[in-house]
Amino acid sequence: MLGVLKAIGTTVRTALRKPVTVAYPMEKKELPHRARGLPVLLWDFEKTEPFCTGCQVCARYCPVDCMTVTMKDNPNYAAGKSKRKKIVDKFYIDYARCMRCDICVEVCNFDAIVMNNTWKGVELSCYDRQDLVLDLPALLLQSKSGDLETPFREPMGVAHSGWAPKAEDEEAAEGEKEGGEG
Amino acid sequence: MATDYQIQRETDLETIDININVGPQHPATHGVFRMILTVDGEVVRDIDPVIGYMHRGNEKLPENCDYRQVIGYHDRTDYLAQFNTEHCYVLAVEKLAGLQSTERAEYIRVILAELNRIASHLMFTGAFGTDLGLPGTAFMYAFREREVIQEFFEELTGERMMYNYFRPGGVAWDVPENFRARCRQVLDSVRQGIEDLDSLMVDSEVVLARCRGLAPTATGDAINWGLTGPILRATGLKHDIRRAEPYSIYDRFDFEIPTGTTGDIYERLMMRLEEMQQSIRIIQQALDQLPEGPIMAEGMKRILRVPAGEIYMRVESPRGEYGVYLVSNGSDKPYRHKVRGASFSNLSALRQMAVGNYVADVILILGSIDIVLCEVDR
Amino acid sequence: MIADNPWLDAVARMGIVAVVVPVTVIILTWLERKVIGRMQMRLGPMHVGPYGILQGLADTIKLLSKEGVRPHSADRWTFELAPFVIVVPVLMSLVALPFTADIFVRNMTMGLFYILAVSGLSIVGFVMAGWGSDNKYALIGGVRAGAQLISYEIPLILAVVAVAMVAQSLNLNVIVALQHDTPFIAYQPLTFLIFTIAGLAELYRQPFDIPVAESEVVGGPFVEYSGIRWSMFQLGEFVSMVLISVLASLIFLGGWNWPWSWLSNGDVPTAAQIVLMAVKTGAFIMFFMWMRGSMPRLRIDQLMSFCWQMLLPLALLQIILNGLVLVYDWPNIILTVLSGAAAVAAVYLIYRLARASGVRYQPSALGGQRVGSVL
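If you're wondering where the values come from, they're calculated on a predicted model, not measured in any experiment.

Now for the overall build of chain C. Broken down by element type, chain C carries 13 helices and 0 strands. Mapped from its N terminus to its C terminus, chain C presents α and β elements in the order α-α-α-α-α-α-α-α-α-α-α-α-α. Against the globule reference of 21 Å for 375 residues, chain C gives a C-alpha radius of gyration of 22 Å, in line with a compact fold. The principal-axis extent of the C-alpha atoms belonging to chain C is close to 75 × 60 × 40 Å. Every one of the 375 residues in chain C was classed for burial, and the buried ones make up 53%. For chain C, restricting intrachain contacts to residue pairs at least 6 apart in sequence, the fraction spanning at least 24 positions comes to 77%. Put simply, chain C shows about 16,300 Å² of open surface, and 71% of that area lies on carbon and sulfur atoms.

Moving on: the domain arrangement of chain C. Residue and element names in this part refer to chain C. Taken domain by domain, chain C holds domain 1 (1–65) and domain 2 (74–374). A straight line from the C-alpha centre of domain 1 to that of domain 2 covers 21 Å. Taking both sides of the interface into account, the surface hidden between domain 1 and domain 2 amounts to around 1,800 Å²; carbon and sulfur atoms contribute 79%. There are 3 salt bridges connecting domain 1 and domain 2. Close ionic contact of Asp9 with Arg106 constitutes a salt bridge, the shortest N to O distance being 3.8 Å.

Residues and elements named next belong to chain A. The strand order across the open sheet formed by 3 strands is β4-β5-β7, and the pairing between neighbours is antiparallel. This sheet does not close on itself; its edge strands, each paired only once, are β4 (67–73) and β7 (133–134). Strand direction decides the pairing type here: strand β5 (residues 86–94) and β7, joined by 2 bridges, are antiparallel. In the strand pairing of β7, Asp94 is matched with Val133. Here helix α5 (residues 136–144) sits on the sheet and contacts β5 and β7; the angle it forms with β5, its principal contact strand, is near 95 degrees.

Soluble globular proteins tend to bury their nonpolar side chains together. In terms of nonpolar packing, the biggest core is built from 119 residues, with B:Leu37, B:Leu115, B:Tyr165 and B:Leu350 touching the most fellow members. The element that contributes the greatest number of residues to this core is helix α3 (residues 103–132) of chain B, accounting for 14 residues. Non-local contacts of B:Tyr165, meaning those with residues more than four positions away in its chain, are made with B:Phe83, B:Glu86, B:Ile108, B:Leu112, B:Leu156, B:Thr157, B:Val171, B:Ala172, B:Trp173, B:Asp174 and B:Val175. The next biggest cluster of nonpolar side chains, apart from the first, holds 84 residues, and it includes C:Val17, C:Ile197, C:Ala201 and C:Ile244.

What follows deals with the interface of chain C and chain A. Listed as interface residues are 16 residues of chain C and, on the opposing side, 16 residues of chain A. Here chain C meets chain A over a buried area of about 1,400 Å², counting both sides, of which 71% is carbon and sulfur. Three residues stand out in chain C for area buried against chain A, namely C:Arg38, C:Met41 and C:Trp290, and they jointly supply 36% of the buried area on that side. At the junction of chain C with chain A, the criterion picks out 0 salt bridges. Applying the counting rule to chain C against chain A returns 5 residue pairs in polar contact (both at pLDDT 80 or more). When its residues are assigned to classes, the side of chain C that touches chain A shows 9 nonpolar, 4 polar and 3 charged.

Attention now moves to the pattern of salt bridges. Residues and elements named next belong to chain B. Taken as a whole and assessed by the stated rule, the structure comprises 52 salt bridges over all chains. Close ionic contact of Arg233 with Glu275 constitutes a salt bridge, the shortest N to O distance being 2.5 Å. Within this pair, whereas Arg233 is found in helix α8 (residues 230–234), its partner Glu275 is found in helix α10 (residues 265–289), the two being separated by 42 residues in sequence. Since its relative accessible area comes to 1%, Arg233 is described here as buried. What emerges from the salt-bridge pattern is a single network uniting Glu114, Arg117, Arg233, Asp240, Arg242, Glu275 and Glu316.

Take the packing of aromatic side chains next. One pass over the full model with this rule turns up 30 aromatic pairs over all chains. Positioned above the aromatic ring of A:Trp43 is the side chain of A:Lys144, whose terminal nitrogen or guanidinium carbon lies 4.3 Å from the ring centre.

Residue and element names in this part refer to chain B. Reading across the sheet, the 3 strands line up as β6-β7-β8 and stay open at both edges, with antiparallel pairing between neighbours. Only two strands of the sheet have a single neighbouring strand rather than two, namely β6 (309–317) and β8 (336–340). Put simply, the sheet's adjacent strands are angled 10 degrees from each other on average, direction ignored. Direction of pairing for β6 relative to strand β7 (residues 320–328): antiparallel, over a ladder of 9 bridges. Note on β7: the bridge partner recorded for Glu310 is Val327. Here helix α2 (residues 82–97) sits on the sheet in contact with β6, β7 and β8, set at roughly 150 degrees to β6.

This part covers the environment of C:Trp77. Positionally, C:Trp77 belongs in helix α3 (residues 76–93). When the C-alpha positions of C:Trp77 and C:Leu317 are compared, they lie 43 Å apart, and in sequence the two are 240 residues distant.

Here we come to the environment of C:Ile16. All names here are of chain C. Structurally, Ile16 can be placed in helix α1 (residues 6–39). Judged by relative accessible area, which is 45%, Ile16 ranks as partly exposed. Remark: the alpha-carbon pair of Ile16 and Phe104, spanning 88 residues in sequence, is separated by 9.9 Å.

Bringing unusual backbone geometry into the picture now. The step from A:Tyr24 to A:Pro25 runs through a cis peptide bond, and the omega angle for that step is 0 degrees. Going from C:Gln206 to C:Pro207, the amide bond is cis rather than trans, its omega being 0 degrees. When you line up the elements, C:Pro207 lands in the loop between α8 (189–202) and α9 (228–251). Positive phi, close to 45 degrees, is recorded for A:Thr48, a residue that is not glycine. In this structure, A:Thr48 sits in the loop between β2 (43–44) and β3 (49–50). The backbone phi angle of B:Asn164 is positive, close to 55 degrees, even though this residue is not glycine. Turning to its location among the elements, B:Asn164 is positioned in the loop between α4 (137–157) and β4 (166–167).

Residues and elements named next belong to chain C. On the surface, Ile320, Leu324, Val327, Tyr328, Trp330, Ile333, Ile334, Val337 and Leu338 cluster together into a nonpolar patch covering about 850 Å² of accessible area. Those elements that provide at least two residues to the nonpolar patch are α12 (300–328) and α13 (332–355). Under the relative-accessibility criterion, Ile334 is labelled partly exposed at 32%.

All right, on to the packing of α3(B) against helix α13 (residues 359–369) of chain B then. Residue and element names in this part refer to chain B. Closest axis-to-axis distance for the α3/α13 pair is 9 Å, and the angle between their directions is 180 degrees. Our classification of the angle between α3 and α13 gives roughly antiparallel. Here α3 contributes Phe124, Phe128, Asp131 and Leu132 to the contact with α13, which in turn contributes Ile363, Leu364, Gly367 and Ser368. Each residue belonging to the contact of α3 with α13 can be placed in one class, and the counts come to 5 nonpolar, 2 polar and 1 charged.

The subject of this paragraph is the environment of C:Ala96. Residues and elements named next belong to chain C. With respect to the element layout, Ala96 can be found in the loop between α3 and α4 (111–119). We classify Ala96 as buried; its relative accessible area is 3%. Separated by 19 residues in sequence, Ala96 and Trp77 have C-alpha atoms that sit 30 Å apart. When near neighbours in sequence (up to four residues on either side) are disregarded, Ala96 contacts Arg106, Met108, Gly111, Tyr114, Ile115 and Leu172.

Before going further, it helps to spend a moment on the packing of α1(C) against helix α2 (residues 55–64) of chain C. Any two packed helices are characterised by the angle at which their axes cross and by the distance between the axes. Residues and elements named next belong to chain C. Look at α1 against α2: their axes get within 7 Å of each other, and the N-to-C directions meet at 115 degrees. Read as a crossing pair, α1 and α2 show a hand that is right-handed. On α2, the residues touching Ile26, Thr29, Trp30 and Arg33 of α1 are Gln55, Gly56, Leu57, Asp59 and Thr60. Here the contact of α1 with α2 is built from residues that sort into 3 nonpolar, 4 polar and 2 charged.

Residues and elements named next belong to chain C. Taking 1.5 Å per residue, 29 residues should reach 42 Å; α12 reaches 41 Å between its end C-alpha atoms and fits that length. Considering bend angle alone, the principal kink of α12 is centred on Leu311 and spans about 30 degrees; proline Pro313 follows within four residues of it. Among the residues trailing α12, Asp329 stands out with phi positive, at a value near 60 degrees.

Moving on to the pairing of β7(B). Residues and elements named next belong to chain B. When you tally the buried positions in β7, you get 8 out of 9 residues, the bulk of the element. The hairpin turn running from β6 into β7, its antiparallel successor, is 2 residues long. Of the strand pairs in this sheet, β7 and β8 are connected by 5 bridges, and their pairing is antiparallel. If you follow Val324 over to β8, its bridge partner there is Val339.

Cut-offs and rules
- Residues numbered from 1 in each chain as written.
- Chains lettered and ligands numbered in written order.
- Predicted model: local features only at pLDDT ≥ 70, side-chain atom pairs only at ≥ 80, totals over all residues.
- Heavy atoms only, no water.
- Helix = DSSP H or I, 4+ residues; strand = E, 2+ residues; numbered from the N terminus.
- Rg over C-alpha atoms; globule rule 2.2 N^0.38 Å.
- Buried < 20%, exposed > 50% of the residue type's maximum accessible area, 1.4 Å probe, protein only.
- Contact = heavy atoms within 4.5 Å.
- Areas by Shrake-Rupley, 256 points an atom, 1.4 Å probe, with all protein chains shown as cover.
- Domains from an automatic or database assignment.
- Buried area = accessible area lost by both parts, 1.4 Å probe.
- Salt bridge = Lys/Arg side-chain N within 4 Å of Asp/Glu carboxyl O.
- Pairing = 2+ DSSP bridges.
- Axes fitted to C-alpha atoms, helices over the stretch in contact; angles between N-to-C directions.
- Core = buried A, V, L, I, M, F, W, Y, C linked by side-chain atoms within 4.5 Å.
- Polar contact = N/O pair within 3.5 Å; in protein donor to acceptor, adjacent residues only side chain to side chain.
- Nonpolar A, V, L, I, M, F, W, Y, C, P; charged D, E, K, R; others polar.
- Phe/Tyr/Trp six-rings, centres within 6.5 Å; stacked < 30°, edge-to-face > 60°.
- Lys NZ or Arg CZ within 6 Å of the ring centre and 35° of its normal.
- Patch = residues over 30% accessible without salt bridge, like charges linked within 9 Å, V, L, I, M, F, W, Y side chains within 5 Å.
- Parallel < 35°, antiparallel > 145°, perpendicular 65-115°, else oblique.
- Left-handed = near helix turned anticlockwise from the far one by under 90°.
- Expected span 1.5 Å × (residues − 1).
- Bend = angle between axes of the 7 residues up to and from the residue.

What follows is the structure, encoded as structure tokens:
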């Protein structure tokens, strides 16, 4: 009977421990910095336009083809306010297809897309599947509203070549170094 | 007179064997797996397994994906041992392409793969306890520790389950600064959890009465049936791919390979519990030896084109031998990508192992093989 | 006495029992989920009401409002009457069960006999449920359930007979009154063990719940039931649990008398009686829930061989011991000693039998850290 006594003794001991339940949704645990929610686009507050130029690299590398991207000529460039010649025109991500593999973030040349590491990036239930296809304003919402304070942007992978618009030389040089060691 | 009385014998009474369908939707079959049992009273006379409910084209779809996109498929093939499967695939690509990943990346890969092995064996123990009849107690203990491990992985990669972290040539990005301390914290918590599971299941007379002597397997039979992994080691053969054909840096670590004697399901449970201890050992050695340095090989191009050739790479996943057979024709997409799932081969021996036992025992035997349907069906 | 007219009095008392016991059952469902949750390091129900207290009520409302599905090819009356055949005898046996010295429906001279006889009728209900569902799982589960119940009735009844021998009466009030100095558990530990184990099996709780967890969790004879009928099965199970717990506290732990009457040598006030009974019954219920959380289940043939080859001879042994002590008029302490020795021998036998089924795993020599007690 000793084994049985040991087993029931274990249950008593664990019954006296503090329960490990987190009473979601009243309490939510702290998401780590690198938490991978669904992808969102970043807003460049200085130039008041998205970082994204619509180059479609992310859409090409996406394993499940969940993105549709088009680009247009940047009116801010013509007005001399920004260095980006092209800017994104339409950007659709189908969150129902996205498998959060992070490849789009890895290959983006402009650091324009990040995984949403807040709770809003994972709490996405809706009543209609069509609501899961997000367009450009919805994708920019997180960043614009300031919720996305510290996205995870560590230099990643080999495809991150640091290929950024040559705004400052330092940035370009740092990008080269990151791309080589990445 | 009494002797004139003829006793009428019932000649048209017969007992038939009934067919029970342990169907695809069943709490005990660890996935969408169907068994048609032919049962004579309590004893199972025949088993007809039906698979294919989970087939998703895991081998065909990568033919349209470049080598980095395929890593996600391996995550989803064996969703309990993702780092092991990713490890197998990236090693296959590296060998075929002639790449050599960096030291730091190798150590990180080994640490993560062994942690994932612990998590997978924890899941097995929890599910096995539920099969035995514990109403979720072993399951909850196991998942408590799995949660700790998964949170640790979330801090590292961002995902709790489908990591997509290994890359041909290294790993995707570097580990956070508190990696070592955090990992040691995780190991402490896991030790406590393994101790709980131990005292709940190992010595309990009920577990012994249910599991001892059930489905003993001889080594010769096991080899003939193609079993690998803890099942093979439970029969007595000391075969572990990490020792037999060392891949990555496993030859630098000092660990034991537990073996059993009879191969019954109690020993399979003990194998996995022991392997968890050995994995903890490996992780501690790797943490001590973890070097600084780059995490991605030098000179990697943006688009990886692998020279033509073929390779079969195998690793020791928690379920057995997981293999990737990769044929390349020089482009940036694999030409043929075949996955050898350990569960598929182990499951095909179910009939030999389980016929002649009681119905409840067949469920236990199925649980002890530790299948993951995505590996069986790919 | 609630009313002078005996019929009215009986109806009033039965009404009270019929209301209080299901309410207790509803609370017990919540308690079980909480206790098992705590044993699994989690919280259990928390949302419905403070600390989830109203969870039992919510479950009841949900079950009562569900559609009662009946398979088309099910044997109609067998299927529909099975829940009643299970629940009604259990509720009927509550008639002879005294909860305290004054709170009972009827004080029967053969109370024990009545309780056991009537509650044994539930067996038919399980087999009816299994057969009437027209489902192979249900059939196997129902047949196993019937086999298990029939087998474990015998040690249960023999254990009760042993107690009745010592008490020389089947009247539960008399049995409790006789325990004002020492509870019967001190005289017959082996009987207590047998009663507890047989009670676990009667209730289909771990480790003896294979009929209702047929093929692991599919539900056995209850697999085709939903809604009100399902809730009746659960009600029957929990009322049986209360019944067995109260019975065990009455005949083994001294009921409402001990230890108050031992310490104060007089009559026990009603409030104290209620508290004592609640504590003892609660201890048993906690024990049942504790067993549920920590033990896997035995296979049906192991269960049956345990009953017929282990419990039955031990129960008979206990009866023989009781008979010897009563006939030769030995002092009660002899009974304690003999029964205690037999209990220890029984436990040891079970331990040896379970271990004898194979060599324990010997790990290969391991260096480094060894943690836990993996052998």
